[in-house]
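Residue-level structure breakdown
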Amino acid sequence: MTAEAPSEPAARRDSIVRNTVFGLATQITTAAFTAGLTLYLVRALGPGDYGVFALAVGIGTLLVLVADFGISGSAGRYIADHSDEPRTVIDVLADASKMKLLTLTPMAVLLFALASPIADLYNTPALVWPLRALAISIFGQSMFFLYRNVFVASGLVSGAWRVTLVESATETGASVLLVALGAGATGAASGRAIGYVIGALAGVVMTIMLMGRGWLGFAERGHSRRLARYAGALFVVTIAFTLFEQVDVLLIGAIISTTAVGVFEAPMRLTIFLAYGGQALALGVAPRLSRGGGGPDLAAFNAANRYLILLQGALLAPVLVWTEPIVHLALGSSYQGSVSVLRALAPFVFLSGIGTFITIAVNYVGEARRRVVLSIVTVAINAAIDLVLLPRIGVVGGAIGTDVAYSLYIGGHFWICQQVLGIRLTPILVTFVRCMLAAAAMAGAMALVGTSDLSWSQWLTGSIAGLIAYVLVLTVTGELSRSDVSGLVEDIRARLAPRPAA
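We now turn to the structure provided with this report. (Residues numbered from 1 in each chain as written. Predicted model: local features only at pLDDT ≥ 70, side-chain atom pairs only at ≥ 80, totals over all residues. Heavy atoms only, no water.)

Observations concerning the overall build of the chain
For the record, the criterion: Strands are runs of DSSP state E lasting at least two residues, helices are runs of H or I lasting at least four, and both sets are numbered from the N terminus onward. Note on classification: 1.4 Å probe, protein chains only; a residue is buried when its accessible area is under 20% of the maximum for its type, exposed when over 50%, partly exposed between these limits. Whether two residues touch is decided by their heavy atoms; if any such pair falls within 4.5 Å, the residues are in contact. The method behind every accessible area is Shrake-Rupley, applied with a 1.4 Å probe, and residues are considered shielded solely by the protein chains displayed.
Across its full length, the chain carries 18 helices and 0 strands. A buried classification covers 51% of the 502 residues belonging to the chain. Considering only contacts in the chain between residues 6 or more positions apart, those separated by 24 or more positions represent 81%. Of the roughly 21900 Å² of accessible surface on the chain, a fraction of 68% belongs to carbon and sulfur atoms.

Put into structure tokens, the structure is as follows:
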């Protein structure tokens, strides 16, 4: 007997605060397990085997991008659009699952079959079985992303966190066990495959618990065409943004040297963690911007942007004032050349969290097609600036190219939201100006403590003094009030409190 779908899925949505907290938990869970596993594999495998594993993962990651074809994001958009229509949600998920299987299966089979020729191309026979393990991994990984996205689009990010926890813990445990038993790079790749397959299966089980079994099966439900159309736009945008992320590395390697690539790429890696706030808010708020059902929640959109500007502003001062001690602490003294790169990336650091949120928001609004030209132009601008500046001023030119191009990219997304949603940009600009004043005060307080070779007491004293100065200026300018802080604390406390039994 087929299980029935929930009669009122919209009522089962968690609050924005709860979803944001679990969104942050999802990011931290992934980062913690990834960092721990990476440190273990680097030491256990050694440079040779780890290089083979990393190459296999790089190839697999590229193929996941191609095989997904934007279907996961497209399904998420339409599930959010029809969150108050359970039958439609089930049909969208059914068609999305079928489309994923149709694109993934030949890709996985092809990689498994071509593993040996690819290994020959790299003149690395040891690459064969890691690639074959990755053929299974990309299948599980892509399906895992789809089902995790179901919970995000449904406003139940706690489910996405649980699925992520299962996948991450399984992958880490299986990889460590297999490598410890002597399976080398193949063991590490197999552990990755086991993790994602188990994660995908957990996603299937949890989705059945959420929606019933009505979405299972291969019958056409009438949504494949529109899913494919929107997925095509998302696919182009994803490819373009991937090029944006890699164009600096490619040009620095070609124009300067591979050593310069390391000097540039290392601080870029540090900025990934500084966008977690934007990712968390995107998981909590972006699905509510869907224009289906009750329409976009503009109040949540405005609040998310305000909080993100304030959060990213607090990160700006340390990056500018404490650049040298941050680089030495995180990367080591051998990366002295990265100090100027990280300082030059300060605008990108500020925009990274905001950009993560606004780009995902536009996807849920249903305007991914408008992102296509914007994304391509962004890549072109970044490449053009790099070509002009890299030969003249070195790797810092790559950072400047990234700053300028990404600023225009994010500005373009705000323009899309203004055109489509009718948002007012003036309050956002006012918050930005106040935030910059507060960041300047924070930077001054930190600079008084010191700007290089900080002791632990100086780190602590400067951080406290800087935050006090930051909050004080925000309060004086009227951006923050006592009710803002107390209200946020009380809201978080209430939302995270255990729910009474039904």
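Observations concerning the packing of aromatic side chains
Quick note on the threshold: Each pair of aromatic rings taken from Phe, Tyr and Trp, with Trp reduced to its six-membered ring, is defined by centres within 6.5 Å and is described as stacked if the planes are under 30 degrees apart, edge-to-face if over 60, and tilted in the remaining cases. Only when the NZ of Lys or the CZ of Arg is both within 6 Å of the ring centre and within 35 degrees of the ring normal is a charge said to sit over the ring.
Scanning all chains against the criterion turns up 14 aromatic pairs. Seen from their ring centres, Phe22 and Trp161 are 5.7 Å apart, and the 50° between their planes marks the pair as tilted. Linking Phe22 in helix H1 (residues 16-68) with Trp161 in helix H5 (residues 157-180), this pair joins segments that are 139 residues apart in sequence. Residue Phe22 is classed as buried on the basis of its relative accessible area of 16%. Among the residues examined, Trp161 registers a relative accessible area of 22% and is labelled partly exposed. Chaining the aromatic ring pairs together yields one cluster made of Phe241, Phe244, Phe348, Tyr406 and Tyr409. Above the plane of the ring of Phe112 lies Arg132, whose end atom (NZ or CZ) is 5.3 Å from the centre.

Focus: the packing of helix H10 (residues 298-321) against helix H13 (residues 346-365)
Operational definition: Axis definition: a line fit to C-alpha positions, over the contact stretch in the case of helices; interaxial angles, taken between N-to-C directions, run 0 to 180 degrees. To sort the angles, those under 35 degrees are grouped as roughly parallel, those over 145 as roughly antiparallel, those from 65 to 115 as roughly perpendicular, and the leftovers as oblique. Two helices that cross are described as forming a left-handed crossing if the nearer one is turned anticlockwise from the farther one by less than a right angle, and a right-handed crossing if clockwise. Amino acid classes used here: Ala, Val, Leu, Ile, Met, Phe, Trp, Tyr, Cys and Pro are nonpolar; Asp, Glu, Lys and Arg are charged; the rest, including Gly, are polar.
The geometry of H10 relative to H13 is characterised by a closest axis approach of 7 Å and an angle of 160° between their N-to-C directions. It follows from the interaxial angle that H10 and H13 lie roughly antiparallel. Along this stretch, H10 crosses H13, giving a crossing that reads as right-handed. Between H10 and H13, the contacting residues are Phe301, Ala304, Asn305, Leu308, Ile309, Gln312, Gly313, Leu316, Val319 and Leu320 on the first element and Ala346, Val349, Phe350, Ser352, Gly353, Ile354, Phe357, Ile358 and Ala361 on the second. Looking at the contact of H10 with H13 residue by residue, the class counts come to 14 nonpolar, 5 polar and no charged.

Some details on helix H15 (residues 396-421)
Structural remark: α-helix, 3.6 residues per turn; residues separated by three or four positions point the same way. Threshold: In a helix, the anticipated span is given by 1.5 Å times the number of residues less one.
Here H15 is 26 residues long and its end C-alpha atoms lie 37 Å apart, about the 38 Å a rise of 1.5 Å per residue gives. A positive phi of about 75° marks Gly422, the residue just after H15.

Points about the side chain of Asp91
Residue position: Asp91 is located in helix H3 (residues 86-121). By relative accessible area, which is 15% here, Asp91 ends up buried. When residues no more than four places from it in sequence are discounted, the contact partners of Asp91 are Arg221 and His223.

Points about the pattern of salt bridges
Which entries qualify depends on this criterion: We define a salt bridge as a side-chain nitrogen of Lys or Arg found within 4 Å of a carboxyl oxygen belonging to Asp or Glu.
The tally for this structure, following the rule as stated, stands at 3 salt bridges. Residue Arg192 pairs with Glu171 through a salt bridge whose shortest N-O separation is 3.7 Å. A residue pair is termed long-range when its members are at least 10 positions apart, and Arg192 in helix H6 (residues 184-211) and Glu171 in helix H5 qualify at 21 residues. Accessibility expressed as a relative area gives 13% for Arg192, which makes it buried. Its salt-bridge partner being Glu479, residue Arg434 comes within 3.0 Å of it at the nearest N-O pair. Residue Arg434 is located in helix H16 (residues 426-449), and its partner Glu479 is located in the loop between helix H17 (456-476) and helix H18 (482-496); the two are separated by 45 residues in the primary sequence. Overall, Glu479 belongs to the buried group, its relative accessible area being 5%. Among the ionic contacts, a cluster of salt bridges with common partners joins Arg306, Arg434 and Glu479.

Things to note about helix H4 (residues 128-153)
Over its 26 residues, H4 runs 38 Å from end to end, which matches the ideal 38 Å to within 8%, given 1.5 Å per residue. Counting buried residues along H4, 21 of its 26 residues qualify, which places the element largely inside the surrounding structure. Immediately beyond the C-terminal end of H4, within one or two residues, lies Gly155, with a positive phi of roughly 75°.

Everything listed is a geometric property; what it means functionally is a separate question.
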